[in-house]
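Architecture at a glance
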Amino acid sequence: MASASEEWLLENGNIKVLSKEMRNGRTAHNVSSSSLRKKSDRALLAGIRVGFLRRFLGNLQEVLLGTKLFIFLLAIPFAIAANYSHFGSVPWVFALSCLGLIPLAERVSFLTEQIALYTGPTVGGLLNATCGNVTELVIAIFALIQNKVGVVKYSLLGSVLSNLLLVLGSSLFCGGIANISKEQKFERKQADVNSLLLLLGLICHVLPLMFKFTGKSDPELTAFATLALSRASSIIMLIAYFGYLIFQLFTHRQLFQEQQEEGVVESDEVETDETPVIGIYSALIWLVLMTGIVALLSEYVVATIEAASDSWGLSVGFISVILLPIVGNAVEHAGAIIFAFRNKLDITLGVALGSATQIAMFVVPLSVIISWIIGVKMDLDLSLIETISLGLSILITSLALQDGSSHYMKGLVLLLCYFVIGACFFVSWAPLNTPNLGFSSEMVRL
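Every chain begins its residue count from 1, and numbering advances along the sequence as written. Reporting of local features is limited, given that this is a predicted model, to residues whose pLDDT is at least 70; pairs of side-chain atoms are given and counted only at 80 or more, and all residues count toward the totals for whole chains, interfaces and linings. Excluding hydrogens and water, the side-chain figures rest on all heavy atoms present in the structure.

Looking at an unreviewed UniProt entry, one finds the protein chain named Vacuolar cation/proton exchanger, with Salvia splendens as its source organism. UniProt positions are given in the numbering used here, feature names are shortened, and annotations may be inferred rather than shown by experiment. Looking at the Sequence similarities (unreviewed entry) heading of the UniProt record, one finds this comment for the protein chain: "Belongs to the Ca(2+):cation antiporter (CaCA) (TC 2.A.19) family. Cation/proton exchanger (CAX) subfamily."

Shown next, in the form of C-alpha cells:
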C-alpha cells in the first residue's frame, strides 16, 4: 500500500515497485545517471492541503531539484535572456546554452525511467535506448535544418571519440587509482558486441571515403555514388541497431541484467524498492517540456557556433569535435567515473561503449536519413583524418578491453590518445585569422 507522501505525488496510475524484472528495462546509462540524483524530502509538502498545488510543487521538487546538477539549470534562463536582450556578446549565448544542456540529458533519463515504471521493462528499455543521446540528436537536426552538415558530422564523431577515449579512459584511470590494490574485472561479452557494432559502423564510413580516392576522374559521379552508398549504409546501420535492441532487451537480456541490478543495489542514491515519484502524465508532459528546452538551447548553440569560433580563436571543427561532445557527455562522464571508483566496471563500460554505439549506429544513420528527407545532402564520408581517428580509437579501445581486466595504465593510454587526437584537430582546423604565434600562414594552412 502506498504511503500518504506517495499518494499525493501519484495522481495517475498505480504504484509499481521496481522489481527485478522492471530493472531489466534500465540501461547502464540510466543506472549511471542515477548516481547524480538526490532524494527529495517529500514531507516538506505534506502540509499543503490543496491537491493540485501539492502535486504541482511536488513535481517541481522532483524534476528540478532532484539532481546534483541543479546549479547548471540556472544557465537556461540566462541563455534565453542573453539571446533576446543581446547583453554581452553572442559567445555568451553559446557558452550559457552549453552549460544549460549539461543537466537536461540526466533529467530526460530520469523522466524516461519514471515512464518505464508504468509501462514495463520493454517499453522503458526502448525509451531509454532512443532518448539516451537526445542532446546530440536534437543538435544534429537543427544543424541539418540550417544546412551545417559539417557541424553534424564533427559533433557526432566527437561524441563517439569522447565516449571511447575520454569517458572510458578517465573512468579506467580513476577507477584503477582508487582500486589499485584490487583486481578489476568486467564481463567481456557486452564489450565484444559493442566493438563489433562499432567496427560495422567504421566500415560504413570507410567505403564512402574510398570512393573519393577511386573516382577522381568523374567527381560528379563519385559524389552521387558516395551519397547513394551512404544512404544505403545508413539503413543497414539502423537495422543492425534495432537488432542490437532485440539482443539487449529480449534474447540476451541476461548479459545486461547483472550490471544493472548490481548498480541499483550498490548506489546509495537509488532505493532498492523504487516507486515512481510523479505520475505518468506528468512525466510525459515534463519529458516534452525538457525536450523542447533541449531543442531551444540546441538552436542557440548551432546559430552561435561561428561567432564563438571567431571570438575564441578556435575553429568550428575543433569546437564541434572536442567542446560540444564534452558538454553532451558530461552526465555519462561523471556517472561512469563514480561507478569506476566503486569498482563497477561493467556499468562503466555499459555507459561509455553503449553511448558510443548509440551515436555511431543510431544517431549518425538517422541524421543521414533525416537529411535525405529534408533535401540536404549528407553522406558518411568523414574525410581522411576523421576516419582514421575513428578507426584507431575503436581499435585501441577493443585492444584495451580484450582480456576482461583493467588497471589505471589502460585508462591513461586512452586519455593520452584522446589528447593527441584533440591536438590534431586543433592544429588541422586552426583558423587563418589566428594571431601570429610564430608560424607562417602556409604552416597554419597545413
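For the rest of this paragraph, the subject is the overall build of the protein chain. The helix and strand tally for the protein chain stands at 20 helices and two strands. For the protein chain, buried positions account for 55% of its 446 residues. In the protein chain, once contacts between residues fewer than 6 apart in sequence are set aside, the share between residues at least 24 apart is 84%. Computed with a 1.4 Å probe, the accessible areas rest on the Shrake-Rupley method; for each residue, only the protein chains presented here act as cover. Looking at the protein chain as shown, the accessible area adds up to about 19200 Å², and 68% of this sits on carbon and sulfur atoms. By definition, any uninterrupted DSSP run of H or I lasting at least four residues is a helix, any uninterrupted run of E lasting at least two residues is a strand, and each is numbered from the N terminus. Three exposure classes are used, based on accessible area relative to the maximum for each residue type with a 1.4 Å probe and protein chains only: buried under 20%, partly exposed in between, and exposed over 50%. In what follows, a contact means two residues having at least one pair of non-hydrogen atoms within 4.5 Å.

Moving on, we come to the pattern of salt bridges. By salt bridge we mean one thing: a side-chain nitrogen of Lys or Arg within 4 Å of a carboxyl oxygen of Asp or Glu. Going through the model one piece at a time under the given rule, you end up with four salt bridges. When the shortest N-O distance is used, the salt bridge between Asp379 and Lys153 registers 2.7 Å. Here Asp379 is found in the loop between helix H17 (345-374) and helix H18 (383-400), whereas its partner Lys153 is found in helix H10 (residues 149-178), with 226 residues between them in sequence. Accessibility expressed as a relative area gives 17% for Asp379, which makes it buried. Taking the relative accessible area as the measure of exposure, Lys153 reaches 15% and is therefore buried. The shortest N-O distance in the salt bridge between Asp403 and Lys410 comes to 2.7 Å. With a relative accessible area of 44%, Asp403 lands in the partly exposed category.

For the rest of this paragraph, the subject is the side chain of Arg231. With respect to the helices and strands, the residue Arg231 is situated in helix H12 (residues 219-251). Of the side chains with opposite charge, Asp379 comes closest to the buried, unpaired Arg231, at an N-O distance of 8.9 Å. Only four residue types enter the charge count: Lys and Arg as positive, Asp and Glu as negative, with His and the chain ends excluded.

Right, let's talk about the side chain of Ser159 for a bit. Along the chain, the position of Ser159 falls in helix H10. A residue is classified by how much of its surface remains accessible, and Ser159, at 2% relative accessible area, is buried. Not counting residues up to four positions away in its chain, the partners in contact with Ser159 are Glu136, Pro325, Asn329 and Ile359.

What follows covers the environment of Ser162. On the secondary structure map, Ser162 appears in helix H10. For Ser162, a relative accessible area of 1% puts it in the buried group. With 193 residues separating them along the chain, Ser162 and Ser355 place their C-alpha atoms 10.0 Å apart.

Right, let's get into the packing of helix H7 (residues 90-119) against helix H14 (residues 280-312). The N-to-C vectors of H7 and H14 enclose an angle of 155 degrees; their axes lie 7 Å apart at closest approach. Here H7 is positioned roughly antiparallel relative to H14, judged by the angle of their axes. Here H7 runs over H14; the crossing is left-handed. Every axis in this analysis is a line fitted to C-alpha atoms, fitted for helices over the stretch in contact. Angles between the N-to-C directions lie between 0 and 180 degrees. When describing relative orientation, an angle under 35 degrees is termed roughly parallel and one over 145 degrees roughly antiparallel, while 65 to 115 degrees is termed roughly perpendicular and anything else oblique. Rotating anticlockwise by less than a right angle from the far helix to the near helix defines a left-handed crossing, while the corresponding clockwise rotation defines a right-handed one.

Before going further, it helps to examine the packing of H14 against helix H15 (residues 316-328). At their nearest, the axes of H14 and H15 sit 9 Å apart, and the two run at 110 degrees to each other. In terms of orientation, H14 lies roughly perpendicular with respect to H15. As H14 runs across H15, the sense of the crossing is right-handed. Where H14 abuts H15, its residues Val301, Ile305, Glu306, Ala308, Ser309 and Trp312 lie against Val316, Ile319, Ser320, Leu323 and Leu324.

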